[in-house]
Protein chains: 2
Amino acid sequence: MALSNSKPSLHTSLSPALLQLYDANNCVVVIIDVLRATSTIATALYNGAKYVIPVDSVAKCIELGKQINCVTAGERDGKIAEGLSYGNSPFEYSRAFIEGKILVLTTTNGTKLLHMALDKGAKHIITGSFANLSVVCDYLVAQKQNVILACAAWKDRVNIEDTLFAGAVIHRIKDHFTINCDSSGIAETIYLDAKKDLYGYMKKHNASHYLRLTGYGLEKDIRYCLTEDAADVLPLYEDGKLFRLHDIHKNNV
Amino acid sequence: MALSNSKPSLHTSLSPALLQLYDANNCVVVIIDVLRATSTIATALYNGAKYVIPVDSVAKCIELGKQINCVTAGERDGKIAEGLSYGNSPFEYSRAFIEGKILVLTTTNGTKLLHMALDKGAKHIITGSFANLSVVCDYLVAQKQNVILACAAWKDRVNIEDTLFAGAVIHRIKDHFTINCDSSGIAETIYLDAKKDLYGYMKKHNASHYLRLTGYGLEKDIRYCLTEDAADVLPLYEDGKLFRLHDIHKNNV
């Protein structure tokens, strides 16, 4: 915890391969996987999912699907993975479909990162995306703890959309933190350059995920995942599950 | 080598911890350590140093100093390292001092990265800095090979100045390459945002090296290292030494 008379610190880890460079002990760690895991998690919880269990493999997803009554979801190469029932698109998780259900979602990059943050002693782990930008920012300011914005990237390669989201958070809350972190300055700069047209920025720079998802005909997913506050809930990780923060307080889960 | 009817690729590795993600085999790898190793190397060669031997420890530097007639140089915590004779500032390497001499320089981040690139089968390794921006760009375009811009960073943490230099290179030569690399798009964006006042950009974002070097009273070094083409030579690595490219061709070293 920061000293009472100084601001807590904020750092940005642009790739899971860099997370080890930062001291996550007692931090709030924000897992960022904008296209599309953390956008889909926010959307499912916003639309009433009971909770989300993130797992790092299709096999574990299938296994859980046999053990509990849940929706199993995940994609490989743009298609629903064999043995699972649903995909990674936030549009699959309408209220009519997901309300009251448990969603088990495979997210390779994001789940790996989440477990790394746990192992390193993070105090709280939340997930962030443009879909819940404002509630993430409000939470981080209210916590008054050191923060690490942890980008899931793509197979450890830095990606534009997660960096843009980190920059959006930094731009909004930087006055509440001490930021001596070059990656944070870089993230804020690209966000400010791109913010008028995030989709156009992704397209202009041939962002790898832009190319991958448009190749599958998923422009609509990208546009949704770059829209602010479409699903304003705060997913908080506890005991292997992502809950809405509000529910944790209410139900003392 | 790229196919004759397609452009070669260009990737940017923002930290040595990320270099392994890129295929360096047969590439031209540009080692970037703007503050101050690669700026000082360009300056020493521009001012007539015979060649520069980069080593990764003070001990190796001292050892070489006993074996050959050379200038040993390196700093730790802003001071000349114990047992060495000179520091890391480009201002120490005037023509009057360095012409005809061999410089042995300790550069922890840069030398480690150079050896990684060698191990991964790089075809050519050069060093880049704003001091030799134009000749680096001209060389990369002329080679028509795949390129990796490899930032030395700071103890694996991404830094602003090396990313800015990668962005400057990309902005100048991107039409000659196929670039599907989010880090390259990020680097070009921050360079375009910062280029009118690189020093001001470093200061505004509390860049870690800006804080470190100004703490030692080295504003002048930072300003020089952000000045384009002050030492327009191309340092090329061969057999453990960095030569001026011109000398290699002339003398068939």
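Parameters and conventions
Residues numbered from 1 in each chain as written. Chains lettered and ligands numbered in written order. Predicted model: local features only at pLDDT ≥ 70, side-chain atom pairs only at ≥ 80, totals over all residues. Helix = DSSP H or I, 4+ residues; strand = E, 2+ residues; numbered from the N terminus. Rg over C-alpha atoms; globule rule 2.2 N^0.38 Å. Buried ≥ 20, exposed ≤ 12 C-beta atoms within 10 Å, placed from the backbone. Contact = placed C-beta atoms within 7 Å. Nonpolar A, V, L, I, M, F, W, Y, C, P; charged D, E, K, R; others polar. Least-squares fit on C-alpha atoms with pLDDT ≥ 70 in both. Axes fitted to C-alpha atoms, helices over the stretch in contact; angles between N-to-C directions. Parallel < 35°, antiparallel > 145°, perpendicular 65-115°, else oblique. Core = buried A, V, L, I, M, F, W, Y, C linked by C-beta atoms within 7 Å. Pairing = 2+ DSSP bridges. pLDDT = per-residue confidence, 0-100. Left-handed = near helix turned anticlockwise from the far one by under 90°.

### Some remarks on the overall build of chain A
1) Next: Within chain A one finds eleven helices and eleven strands.
2) Next: Against the 2.2 N^0.38 benchmark of 18 Å for 253 residues, chain A shows a C-alpha radius of gyration of 17 Å, consistent with a compact globule.
3) Next: Put simply, chain A has 253 residues, and 54% of those count as buried.
4) Next: If you take every contact in chain A between residues at least 6 apart in sequence, the share linking residues at least 24 apart comes to 78%.

### Some points on the interface of chain A and chain B
1) Next: Tallying the contact residues gives 25 residues for chain A and 25 residues for chain B.
2) Next: Counting residues per element, the ones that place at least two in the side of chain A that touches chain B are helix 6 (160-173), helix 7 (182-194) and helix 9 (208-215) of chain A.
3) Next: No other element matches the seven residues that helix 7 of chain A contributes to the side of chain A that touches chain B.
4) Next: Taken together, the residues of the side of chain A that touches chain B break down into eleven nonpolar, ten polar and four charged.

### Quick word on the relation of the copies chain A and chain B
Here the second copy of the chain follows from the first by a rotation about an axis and a shift along it.
1) Next: In the superposition of chain A on chain B (RMSD 0.0 Å, axial shift 0.0 Å), the rotation amounts to 180 degrees. Put plainly, the chains are arranged around a two-fold axis.
2) Next: Comparing interface residues between copies, 100% of those in chain A also lie at the interface in chain B; the contact surface is shared.

### Re the packing of helix 7 of chain A against helix 7 (residues 182-194) of chain B
1) Next: Interhelical geometry of helix 7 of chain A versus helix 7 of chain B gives an angle of 80 degrees and a closest axis separation of 9 Å. Taken together, the axis directions place helix 7 of chain A and helix 7 of chain B in an arrangement best described as roughly perpendicular. Across from Ile 186, Thr 189, Ile 190 and Asp 193 of chain A in helix 7 of chain A, the residues of helix 7 of chain B making contact are Ile 186, Thr 189, Ile 190 and Asp 193 of chain B.

### Looking at the environment of Asn 146 of chain B
1) Next: As for its placement among the helices and strands, Asn 146 of chain B is situated in the loop between helix 5 (133-143) and strand 9 (147-151).
2) Next: Taking the C-alpha atoms as reference, Asn 146 of chain B lies 12 Å from Ile 125 of chain B; in sequence the two are 21 residues apart.

### With respect to the nonpolar core
1) Next: Ranked by size, the top nonpolar core spans 182 residues in total, and within it Val 29 and Ala 150 of chain A together with Val 29 and Ala 150 of chain B carry the most contacts.
2) Next: Excluding its chain neighbours within four sequence positions, the residues that come into contact with Val 29 of chain B are Ala 24, Ala 117, Ala 122, Ile 125, Ile 148 and Ala 150 of chain B.

### Details of the pairing of strand 10 (residues 235-238) of chain A
Each regular strand carries side chains that alternate between the two faces of the sheet.
Residue and element names in this part refer to chain A.
1) Next: Relative to strand 11 (residues 241-244), strand 10 is paired through four bridges, and the arrangement is antiparallel. In the strand pairing of strand 11, Pro 235 is matched with Arg 244.
2) Next: Hairpin connection, strand 10 to strand 11: the antiparallel pair is bridged by two residues, and Asp 239 has positive phi, about 50 degrees.

### Here we look at the confidence of the model for chain A
1) Next: Summary statistics for chain A give a mean pLDDT of 93 and a share of 95% for residues scoring 70 or more.
2) Next: ipTM for the predicted complex: 0.93, alongside a pTM of 0.94.

### Things to note about the packing of helix 5 (residues 133-143) of chain A against helix 6 of chain A
Residue and element names in this part refer to chain A.
1) Next: Packing of helix 5 against helix 6 brings their axes to within 10 Å, and their N-to-C directions diverge by 50 degrees. In terms of axis orientation, helix 5 runs oblique to helix 6. Handedness of the helix 5/helix 6 crossing: right-handed. Facing Leu 133, Val 136, Cys 137, Leu 140 and Val 141 of helix 5, the residues of helix 6 in contact are Ala 168, Val 169, Arg 172 and Ile 173.
2) Next: Tallied by class, residues from the contact of helix 5 with helix 6 come to eight nonpolar, no polar and one charged.

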